[in-house]
Amino acid sequence: MAAPSNAEQTQLQDMEEEEAGMEEREMESDEEEGMGVENSEDEEDDSSEDEKENEAEIQRLEEQLSINAFDYNCHVDLIKLLKQEGELFRLRKARQKMSELFPLTEEIWLDWLKDEIRLTEEDSNREKVYELFERAVKDYICPDIWLEYAQYSIGGMGSPGGIDKVRSIFERAVTAVGLHMTKGQTLWEAYREFENAVLSTVQPPPGRIPSREEQELLSAQLERIHTLFRRQLAVPLMDMETTYAEYEEWSENGVPETVVHLYRKALQQKEKCKSYEETLLVAEPPKLAEYQAHIDFELKEGDPARVQITFERALAENCLVPDMWTKYTTYLDRQLKIKDLVLSTHERAVRNCPWTMSLWKGYLQALERHGADHQSVSDVFEKALNAGFIQATDYVEIWQANLDYLRRRVDFSKESSKELEELRAAFSRSLDYLKQDVEERFGESGDPSCAIMQIWARIEAHHCKNMQKARELWDNIMTKGNAKYANMWLEYYNLERAYGDMTHCRKALHRAVQCTSDYPEHVCEVLLTFERVEGTLEDWDTAVQKTETRLNRINEQRAKAAEKETNLARHEEEKMEQRRKAKAEKKAQKKAQKTSRGGEKRKAEQDDYQGDWTEESAPKRQRGNGDNNPDEYMETETGLFGRNAPPGNKPGPGGARNAQQGAAVTALRQNDDRRELRDDSCSVFISNLAYTLEDPEAKLKSLFESCGPIRRVQLITGNRGISRGYGYVQFESAASVPEALKLDRKEVEGRPMFVSPCVDKNKNPEFKVFKYNTSMEKHKIFISGLPFSCTKEQLAEICKPHGSIRDVRLVTFRSGKPKGLAYVEFADETQASQAVLKLDGIDVEGNKISVAISNPPRRNLTDKPGSSRPTGDIMPRQVYGSRGRGRTQLSLLPRSLHRQPAPPGKVENGTAAERAPPPPTGSTAANAAGEPRSLSNSDFAKMLLNK
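Residues numbered from 1 in each chain as written. Predicted model: local features only at pLDDT ≥ 70, side-chain atom pairs only at ≥ 80, totals over all residues. Heavy atoms only, no water.

## Considerations on the overall build of the protein
A tally of regular secondary structure across the protein gives 34 helices and eleven strands. Scored against the burial criterion, the 947 residues of the protein give a buried share of 36%. The long-range share in the protein, meaning contacts at least 24 apart out of those at least 6 apart in sequence, stands at 61%. (Helix = DSSP H or I, 4+ residues; strand = E, 2+ residues; numbered from the N terminus. Buried < 20%, exposed > 50% of the residue type's maximum accessible area, 1.4 Å probe, protein only. Contact = heavy atoms within 4.5 Å.)

## Observations concerning the nonpolar core
Membership of the largest hydrophobic core comes to 84 residues, with the highest contact counts inside it found for M324, W360, F389, I398, L423 and W474. The biggest single contributor to this core is helix α18 (residues 392-409), with eight residues. Mapping this core onto the domain boundaries places at least three of its residues in each of domain 3 (283-388) and domain 4 (483-580). With near-sequence residues (within four places) excluded, W474 lies in contact with Q454, A457, M488, E491, Y492 and L495. Grouped together as the second largest cluster of nonpolar side chains are 54 residues, L81, I108, V137 and Y149 included. (Core = buried A, V, L, I, M, F, W, Y, C linked by side-chain atoms within 4.5 Å. Domains from an automatic or database assignment.)

## Things to note about the packing of aromatic side chains
Throughout the structure, instances matching the rule amount to 27 aromatic pairs. On the numbers, 5.9 Å between centres and 25 degrees between planes, the contact of F170 with F194 is stacked. In this pair, F170 sits in helix α7 (residues 162-177) while F194 sits in helix α8 (residues 184-202), placing the two residues 24 residues apart along the sequence. Considering the side-chain rings of F311 and Y331, the 6.3 Å spacing of their centres and the 35 degrees angle between planes classify their relative orientation as tilted. One end of the pair, F311, is in helix α13 (residues 304-317); the other, Y331, is in helix α14 (residues 322-336), and 20 residues separate them in sequence. Taken as a pair, F311 and Y331 share a single burial class, namely buried. Cluster of aromatic residues (ring-pair linked, three or more members): F381, F389, Y395, W399, Y433 and F442. A cation over a ring is seen here: R126 above Y152, with NZ or CZ 4.1 Å from the ring centre. (Phe/Tyr/Trp six-rings, centres within 6.5 Å; stacked < 30°, edge-to-face > 60°. Lys NZ or Arg CZ within 6 Å of the ring centre and 35° of its normal.)

## Focus on a nonpolar patch on the surface
Taken together, the side chains of L88, F89 and L119 present a nonpolar region at the surface, about 330 Å² in accessible area. Relative to the helices and strands, F89 is located in helix α3 (residues 88-101). (Patch = residues over 30% accessible without salt bridge, like charges linked within 9 Å, V, L, I, M, F, W, Y side chains within 5 Å. Areas by Shrake-Rupley, 256 points an atom, 1.4 Å probe, with all protein chains shown as cover. Salt bridge = Lys/Arg side-chain N within 4 Å of Asp/Glu carboxyl O.)

## Here we look at helix α17 (residues 374-385)
An α-helical turn contains 3.6 residues, so any two residues separated by three or four positions project in the same direction. Given a rise of 1.5 Å per residue, twelve residues ought to cover 16 Å, and the 17 Å separating the end C-alpha atoms of α17 matches this to within 8%. Residues of α17 that are buried in the fold lie against α16 (357-369), α18 and α19 (418-442). (Expected span 1.5 Å × (residues − 1).)

## So, the sheet that holds strand β11 (residues 850-854)
In space, the four strands of this open sheet follow the order β7-β8-β6-β11, with antiparallel pairing throughout. Since the sheet does not close on itself, it has two edges, and those belong to β7 (805-812) and β11, each with one partner. On average, each strand axis in the sheet is tilted by 25 degrees relative to the strand beside it, whichever way the strands run. Bridging between strand β6 (residues 777-784) and β11 involves five bridges; their strand directions are antiparallel. When the bridges of β11 are listed, F782 appears paired with A852. The sheet strands contacting helix α31 (residues 792-799) are β6, β7 and β8 (818-826), and the helix crosses β7 at an angle near 135 degrees. (Pairing = 2+ DSSP bridges. Axes fitted to C-alpha atoms, helices over the stretch in contact; angles between N-to-C directions.)

## Remarks on the confidence of the model for the protein
Chain-level pLDDT for the protein is 80 on average; 75% of the residues reach the 70-or-more range. Below a pLDDT of 50 lies the segment residues 1-12, which in the model reaches one contact outside its immediate sequence neighbourhood of four places, other chains included. Overall, residues 607-674 carries pLDDT values under 50, and its contacts beyond four positions in sequence, including any with other chains, amount to 67 contacts. (pLDDT = per-residue confidence, 0-100.)

## Section: the packing of α16 against α17
As a packed pair, α16 and α17 sit with axes 10 Å apart at the nearest point and diverge in direction by 175 degrees. Here α17 runs roughly antiparallel to α16, going by the angle between their axes. Of α17, the residues touching α16 (which contributes W360, Y363, L364 and L367) are S376, V377, V380, F381, K383 and A384. Its residues assigned to classes, the contact of α16 with α17 shows eight nonpolar, one polar and one charged. (Parallel < 35°, antiparallel > 145°, perpendicular 65-115°, else oblique. Nonpolar A, V, L, I, M, F, W, Y, C, P; charged D, E, K, R; others polar.)

## Some remarks on the pattern of salt bridges
As enumerated under the stated definition, the model contains 40 salt bridges in all. For E368, the salt bridge identified is with R408, shortest N-O distance 2.8 Å. Residue E368 is located in helix α16, and its partner R408 is located in helix α18; the two are separated by 40 residues in the primary sequence. Owing to a relative accessible area of 44%, R408 belongs among the partly exposed residues under this scheme. The structure contains a network of salt bridges with shared partners spanning E55, E62 and R90.

## A look at empty space enclosed by the protein
Per the counting criterion, the structure on display carries four cavities of 30 Å³ or more. Of the voids in this model, the second largest cavity is the one considered here, and its volume is about 50 Å³. Along its surface, the second largest cavity is lined by L786, P787, F788, C790, L810, V811, P818, K819, G820 and L821. Of all the secondary-structure elements, those providing two or more residues to the lining of the second largest cavity are β7 and β8. A per-element tally of the lining of the second largest cavity places β8 first, with four residues. When grouped by side-chain class, the residues that make up the lining of the second largest cavity number eight nonpolar, one polar and one charged. (1 Å grid on protein atoms, 1.4 Å probe; cavity = no way out; pocket = protein on both sides within 12 Å on 5 of 7 lines; lining within 4 Å. Points joined across faces, edges and corners; volume = space filled by probe spheres on them.)

Have a look at this one:
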């Protein structure tokens, strides 16, 4: 067999290498497939776990809503989860339930509408989407929803009547939101684009002469576009200059003079409103104050359409503000009076703020005013009863509004009618409802004076001529705790006087005299006046006897009560006196203890002095410092410790002079800290600084140098030179003080630094350092239960959606550690009230916070004028010995060796005391006289002979 050639060998090698490569690639692909299978399995496991968790959360939310269907946030969370999971049918059901209970926001409506549009692409289901759009535009007037509605309708323009339907929707849209200054232009442009598209379908092909019918259609379509331009240019809108230029270019015959006139007028109106619109653009939600200013401007201008669109814009961002709804509905009731607009607005108001009784009351009156049927009014009233008002008196007022409506329906000329029976049944039901439902919930009926029963009694007496029923009702009123009030008896007396007879009038007044306890004299006077006009002598005598007896009894009761009050007051005064005495004794004991400790400390100091200054050691120390200058050491000691030489020391020549110099230095140092050398008008007091603050003077200079030129920084230190945490900063000018006070509570190394005016409280005892208000502040909220890790920035972000924030203050201890409390100041009371409603009870980092209007308790002012704390001038500090304050203050020196210190003498610059030297003997007397003399041998001999 012939051997293969070189070419064949090369070919075989290539084939073998190719096969080997293919095997390797197959093995790699198998490995990759195996890896891919494993990864996909892991992803499937993760996704299945997420699905299980989401399903569990969905079930939890559905159970919570079954318990409380009015949990708004729970509805929102459920909708988000269902959309994430793609549960379309459950999502539609959840949205439907929420829309039945609450008006939905623009974002929720747009998401719902877009989902439904994707699901119903066939023309047969377009009507369902149209119905959904109709519901959406009723909640709030939103330009984006109207634009979406119009664009969706364009998709059906090919169907029969489709173009007319699109035009109808566009006309409704520009009527509703075409005056929106910032977003209305988009809707107008979309309308014109639609008409231009229709124009392109009407125009004949180029080169063909249109028929008469085509010319009419073309002319009509061009007129529509001209009309749209003219209407838009008459409305003040942003960037309307561009629209005018576009119209000039589009119109073949130019812009008519009438359109130019309307355009210029709209430009002037736009300039008036421009500042308000610019303010709204830069303001933060909810922009309540900015909208209020804009509404006030439009009300003065008096254009109803612009007033309406401004109210609608404000309510779209402040839908939970009852005052805004009240103002809007009142304007519609009194100015526009358009039935459909008024009733739809009232309905939206009570859906947004169902807890506000005044909105329900206004809704009932609007229904009656515009002639709504009785069943509609009754249905609204029943909804109001289930709205959940926050006060018992709200239920009384809503019942009164319904009873007034029912009374106006009755024709009292007929003896009996269905409406009259319905009115009486409503009165009975109202009393039962207040007694059972309202008292069970609030602990009171809300009608302590029985106003509803009084109205019922008057209707029975005046309209029905049924005094028997009226008297029964008044007997019931008196049994409910009202018999002691004179005004209630006089109301009943006036009713009997107007519709009853004299016999019942007299009985009512006699009962009033016996039962009244608040103003018995007035009731007695009314009875006597009645008998003067109507009664006989016998009636007069009876009235006088009863009134005198009653007044005597009342006077006795008042005397006993006064005596009892006097005894109680005396008893309280005695208690207060005992407390004052006990407090004074306790203070005296503490003062005595401090005095005894001071005496023991002075004894200990004398021991120290005697140990350090003896007749033997003093000369040695002087010699140790040099014989040529024996006074050098004494001056150093005096300057170092700031005191005179202790008793028993024999100073060398000039020692007394040096001791006086040391005392003067000490007095100068003390004087340097005195208030007289500091200008309080240019100074601020700094406190609560950390004792461990490094280089505090430099630190304070760096903090306050931005406030103005600093003359000096004076930090108060203890006897060992350690900072006491407070001091003074004195500026060159008093103008720097207000800027320095702004740094109050600035954090310095983890502690809030307190900055307050420098005021002498002895001269101005009524000065208050506490700068915060201690009364109710309706524009400020108080938050408790915050986590300690919460910062001002985090709290500001939480409160930001509910109003314009002026200030956030976290309450801390003096050490800088948070207390979990905070104050947040809003621009006005309405924003603060809204924040309380929305924030109270929410969770912040796992903590449930409580939010209320700021109403701090009154501060106990213990430092009253004239009773300030003792100052350093009255109670001087204790002077410790050379070894500082020892652990024990007991003196170990025998009492017989104690020397009584002489009374302090005054020096030129202060009250520094000098200890009196011991009686002069020998050379000591000479030294004291200022005539130093060295002892000779003869002097020593005389001393020995004397002994």
